[in-house]
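Reading the structure
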Amino acid sequence: MPDVLANYHTHTWRCMHAHGTEEAYVRRAIAAGFSVLGFADHTPWPYTSGFVSDMRMRWDQFPGYLETVLALREKYAGQIKIPVGLECEAFPAWFGWLRDLKAQCLDYVLLGNHYDGTDEGDHSVFSDRGGFYFGRCSRAEQVMRYAVRTIAGMETGIYDYVAHPDLFCHVYASFDAECAAASRDICQAAVALGIPLEYNLLGIQYHARIHEWDKLGYPCRQFWEIAAQYPVKAIIGFDAHAPEHLERRDLYDEGLAFLRELGIEVLAYLDKPGLR
Ligand SMILES: [Zn+2]
Ligand SMILES: [Zn+2]
């Protein structure tokens with residue numbers, strides 16, 4: 001087994017689209033040789049509109065999330081490190097809220113920029129009111145909005161890495177000039193701000209489930225070819241939504257080989273206190 005293995009992108013049942021107990025993930029990670037397993041479930045946001053998301057924990061579930069992960073950290077101390085984080089969009093209205101929450105109780109925060117400014121409202125409609133799901137980008141202006149929003153998040157200094165930075169490619173038809181421009185902007189910001197970009201292993205599994213995926217998908221080869229033109233640092237994330245996702249060492253090794261072939265530096269760890 002080469003290298004050491006760390007994963008900072010693990011979900012829990014609270015997001016309603018992941019399954020397995022937290023302890024099942026931890027035990028699977030130990031068995032698979034991980035030395036770090038970070039939980040970064042989809043953040044609750046402090047909505048004031050009464051909106052209820054169907055893909056993230058409620059705010060009243062957050063204490064239980066923390067408590068569960070911290071108890072596992074104690075129980076498995078000496079066998080595996082278990083930092084606690086959240087995967088969060090870049091919603092400007094709540095940057096201050098998130099900064100405070102991180103200072104109070106989180107080891108790290110991932111920038112998973114799924115929605116345009118908020119997720120309240122219709123995720124299929126792209127407008128200045130926000131709410132659009134960036135995994136549905138099919139037009140150039142949507143791709144450019146993704147880049148602008150993502151970079152604004154990176155500039156806050158709150159986020160420790162960018163999860164699936166190439167999410168905008170998910171159902172985009174072909175890699176055009178705007179995709180290239182958005183990729184360059186994100187990579188430039190990553191270098192200037194010292195923020196690693198994630199090579200997301202769940203994206204690969206998602207496309208593999210669908211026969212003959214005829215969209216770009218993510219991880220997107222063209223995005224990473226552009227990334228290779230900058231001194232970006234990459235990190236591989238399993239984005240585990242089930243304990244067995246942590247067993248895809250084959251995907252990890254393929255991703256590692258792909259990134260190294262491009263000459264991209266791949267971080268084994270996030271080099272911050274409590275994270276390695
Ligand atoms: Zn995500
Ligand atoms: Zn995720």
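Relevant structure appears above.
Heads up: these notes are all about the structure in this document. (Residues numbered from 1 in each chain as written. Chains lettered and ligands numbered in written order. Predicted model: local features only at pLDDT ≥ 70, side-chain atom pairs only at ≥ 80, totals over all residues. Heavy atoms only, no water.)

**A look at the coordination of the zinc ion (ligand 2)**
Summarising the metal site, the zinc ion (ligand 2) is bound by the protein donors His9 (NE2), His11 (NE2), Glu87 (OE) and Asp239 (OD), whose distances to it range over 2.0 to 2.3 Å. Coordination geometry of the zinc ion (ligand 2): the four donor atoms subtend angles of 77 to 165 degrees at the metal centre, consistent with an arrangement described as irregular. The distance between the zinc ion (ligand 2) and the zinc ion (ligand 1) is 3.4 Å, with Glu87 acting as a donor to both metals. Remark: Asp239 occurs in the loop between β7 (233–237) and α8 (249–261) and Glu87 occurs in strand β3 (residues 84–88); sequence separation between them is 152 residues. There is no split in this pair, since Glu87 and Asp239 are both buried. (Donors = N, O, S within 2.8 Å, 3.2 Å for Na, K, Ca; no water. Tetrahedral: all angles 85-135°; square planar, octahedral: opposite > 155°, others 65-115°. Helix = DSSP H or I, 4+ residues; strand = E, 2+ residues; numbered from the N terminus. Buried < 20%, exposed > 50% of the residue type's maximum accessible area, 1.4 Å probe, protein only.)

**Some remarks on the coordination of the zinc ion (ligand 1)**
In an ideal octahedron of six donors the angles at the metal are 90 or 180 degrees, and in an ideal tetrahedron of four donors they are 109.5 degrees. Only Glu87 (OE), His114 (NE2) and His164 (NE2) from the protein reach the zinc ion (ligand 1) as donors, at distances of 2.1 to 2.2 Å. As a motif over one chain, the donors of the zinc ion (ligand 1) read E-x26-H-x49-H.

**Considering the packing of helix α4 (residues 140–154) against helix α5 (residues 177–193)**
In the contact formed by α4 and α5, the axes pass within 9 Å of each other and the chain directions differ by 5 degrees. Considering their axes alone, α4 and α5 lie roughly parallel with respect to each other. When α4 is examined against α5, the residues Ala140, Val143, Met144, Tyr146, Ala147, Ile151 and Met154 are found in contact with a partner set consisting of Glu178, Cys179, Ala181, Ala182, Asp185, Ile186, Ala189, Ala190 and Leu193. Grouping the amino acids of the contact of α4 with α5 by side-chain chemistry returns 14 nonpolar, no polar and two charged. (Axes fitted to C-alpha atoms, helices over the stretch in contact; angles between N-to-C directions. Parallel < 35°, antiparallel > 145°, perpendicular 65-115°, else oblique. Contact = heavy atoms within 4.5 Å. Nonpolar A, V, L, I, M, F, W, Y, C, P; charged D, E, K, R; others polar.)

**Considerations on the packing of aromatic side chains**
Across all of its chains, the model carries 22 aromatic pairs by this definition. With a centroid separation of 5.7 Å and an interplanar angle of 45 degrees, the aromatic rings of Trp45 and Trp97 are classed as tilted. Pair noted here: Trp45 is in the loop between β2 (34–42) and α2 (62–75) and Trp97 is in helix α3 (residues 95–105), with a separation of 52 residues, a long-range link. Taking the centre distance of 6.5 Å and the plane angle of 70 degrees together, the rings of Phe168 and Phe223 count as edge-to-face. With Phe168 in the loop between β5 (161–162) and α5 and Phe223 in helix α7 (residues 221–227), this pair connects stretches of sequence that are 55 residues apart. Summarising the burial analysis for this pair, Phe168 and Phe223 share the class buried. (Phe/Tyr/Trp six-rings, centres within 6.5 Å; stacked < 30°, edge-to-face > 60°.)

**Description of the pairing of β7**
For β7, a buried count of four out of five residues is recorded, marking the element as mostly surrounded by other parts of the structure. Examined bridge by bridge, strand β6 (residues 197–200) and β7 share four bridges and lie parallel to one another. Each bridged residue has a counterpart across the sheet, and for Asn200 the counterpart in β7 is Gly237. In this structure, β7 lies alongside strand β8 (residues 265–267), joined through three bridges in parallel fashion. Looking across to β8, one finds that Ile235 is bridged to Leu267. For the segment spanning β7, α8 and β8, crossover handedness is right-handed. (Pairing = 2+ DSSP bridges. Right-handed = clockwise from strand over helix to strand, strands pointing away.)

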